[in-house]
Amino acid sequence: QTATVGEKTISNGLTATGEFTGWEEVILVAESQGSIEYLKVEEGQKIKKGQVIAKIDAVSLSSQLNSANSAFKKAEKDVARYERLLEVGAVSQSALEDIRIQRENARANIAQINQQLGFTAVKSPIDGIVNKLMVEETSFVMPGNQIAEIVQVDKLKIIVNVAEDNLSKLKEGQAVSIKTDVYPLETFKGKVSNISVKADASRKFQITIEVENTKENQLRAGLFAEVNFDALKTNETEAMVIPREAIVGSIQNPAVYIVKDSTVTLQKIKVGAVINGDVVILEGLQNGQQIVTKGIINLTEGTKIKITNNK
C-alpha cells in the first residue's frame, strides 16, 4: 500500500494545562490584639480596596492613649518649668535635657499607640471578593491571626510550565485561547503577561497567562484550564508531510521506499516534527511522489511490487 507525498496545513502549536487563580490573593491578618468588635462583610461579597473588613476592639488602646496624652502634657509642663529654673540657676542643663527626653519619649509613645489604633481597622489592600472569613464577631485575635481571604477575580491568571525548546514560540503579549471543562463550548481569550527568566530543576520555564473575567465573573479560581498558544493561528504553515508508518528505520536515521515503474527505491530523507501521525519532510522527497506505507518488511532496493490499495 502506498501514499502520495503532499502539502498539508500544520501547526507548530503548543498547549499546556494549569488552573485559574486570582490575579491577587491575600490573607488579611490581625496586627493588634483584642476581640472582633464587628465584621463589615460576608463571604462572597464584593469589596473595594481600602474597605474595612473587621474592627478589633480598641478599649484597651484608647485607655493607653489617654494615659500617654496625660504623660505628654505633664512632660511639657515640666520642660517649661525646668527652663525657667535654669534661667535662675536652680537646675542644671543636664536635668533640663533629661526632662526634654522624657517629653519626646511621651510623644513617641502617643504615635505608637495611634499606629496600633490604626491597625484595629482591618482593611482590604485590593479590590476583590471575600472568599473566606476565618473569624466571627466577638472572636479574640492576636497579632498574626488570620482574619479573611480576599481574591481578585475580575482578572485571573493561569501559570503553566513549558520546556525550553518551546520558548521560541512564546512572547509577552501573545494572544492565547483557553478552554475549560466547566464551559466546554466556550473559548476564552488571554495573553502571555510574563515569561520567567530562569528555568526550574526540570528545565521548564514558568509562563503567566492573564485572563480578563467576563459575564459577571463567570470564571472561578481553581478551575482547570487548557491553554492553546496558537489562539490566532500565527504558527500555522504549509508543509510537506508523509504518514509516520512510511518511515523505514528510525526518525533519527529515516528513509522511505519510493515507487517508480512498479519497483521501489530506498531514499534517505531528512524529517522534522511528528504531528498527529504525520512526519514533516525537510529534504529528500517531492510532492506527488508515491511512497510505500504497508508491506515495507518485504522490500529491498529494486523489488518489484503490486499496489493493492492506493491511498
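So, here's what we can say about the structure.

### Considerations on the overall build of the protein
Point 1. The helix and strand inventory of the protein stands at two helices and 22 strands.
Point 2. Taken over 311 residues, the protein has a buried fraction of 36%.
Point 3. If you take every contact in the protein between residues at least 6 apart in sequence, the share linking residues at least 24 apart comes to 71%.
Point 4. Carbon together with sulfur atoms contributes 48% to the accessible area of the protein, which is approximately 18,200 Å² in total.
Point 5. Taken together, the 37 basic and 39 acidic charged side chains of the protein have centroids lying 3 Å from each other.

### Thoughts on the nonpolar core
Point 1. Core analysis: the biggest nonpolar cluster contains 23 residues, and Phe20, Ile158, Ile178, Ile207, Ile209, Val227 and Phe229 have the highest contact counts within it.
Point 2. For this core, the secondary-structure elements that each account for two or more residues are β3 (15-22), β12 (155-163), β13 (175-180), β14 (183-195), β15 (204-212) and β16 (224-228).
Point 3. Broken down by element, this core gets its largest block of residues, four residues, from β12.
Point 4. Judged by nonpolar contacts, the second largest core, of 19 residues, contains Leu28, Ala30, Leu39 and Ile53.

### Here's the deal with the sheet that holds strand β1 (residues 2-4)
Point 1. If you walk across this open sheet you meet the four strands as β1-β22-β18-β19, and the pairing is antiparallel. Each end of this open sheet is capped by a strand with a single partner; those strands are β1 and β19 (263-268). Taking the axes of each pair of neighbouring strands and ignoring which way they run, one obtains an average angle of 40° across the sheet.
Point 2. Alignment of strand β18 (residues 255-260) against β19, held across six bridges, turns out to be antiparallel. Residue Ile258 lies in a different strand from β19, and its bridge partner there is Thr265.

### Considerations on the pairing of β3
Point 1. Pairing geometry for β3 and β16, over five bridges, is antiparallel. Within β16, the position partnered with Thr17 by the bridge is Glu226.
Point 2. Inspection of the sheet shows β3 paired to β12 by three bridges, in the antiparallel sense. Opposite Gly22, over in β12, you have Leu156 as the bridge partner.

Reading the values: rules and limits
- Residues numbered from 1 in each chain as written.
- Predicted model: local features only at pLDDT ≥ 70, side-chain atom pairs only at ≥ 80, totals over all residues.
- Heavy atoms only, no water.
- Helix = DSSP H or I, 4+ residues; strand = E, 2+ residues; numbered from the N terminus.
- Buried < 20%, exposed > 50% of the residue type's maximum accessible area, 1.4 Å probe, protein only.
- Contact = heavy atoms within 4.5 Å.
- Areas by Shrake-Rupley, 256 points an atom, 1.4 Å probe, with all protein chains shown as cover.
- Lys, Arg positive; Asp, Glu negative; His and termini not counted.
- Charge placed at Lys NZ, Arg CZ, Asp CG, Glu CD.
- Core = buried A, V, L, I, M, F, W, Y, C linked by side-chain atoms within 4.5 Å.
- Pairing = 2+ DSSP bridges.
- Axes fitted to C-alpha atoms, helices over the stretch in contact; angles between N-to-C directions.

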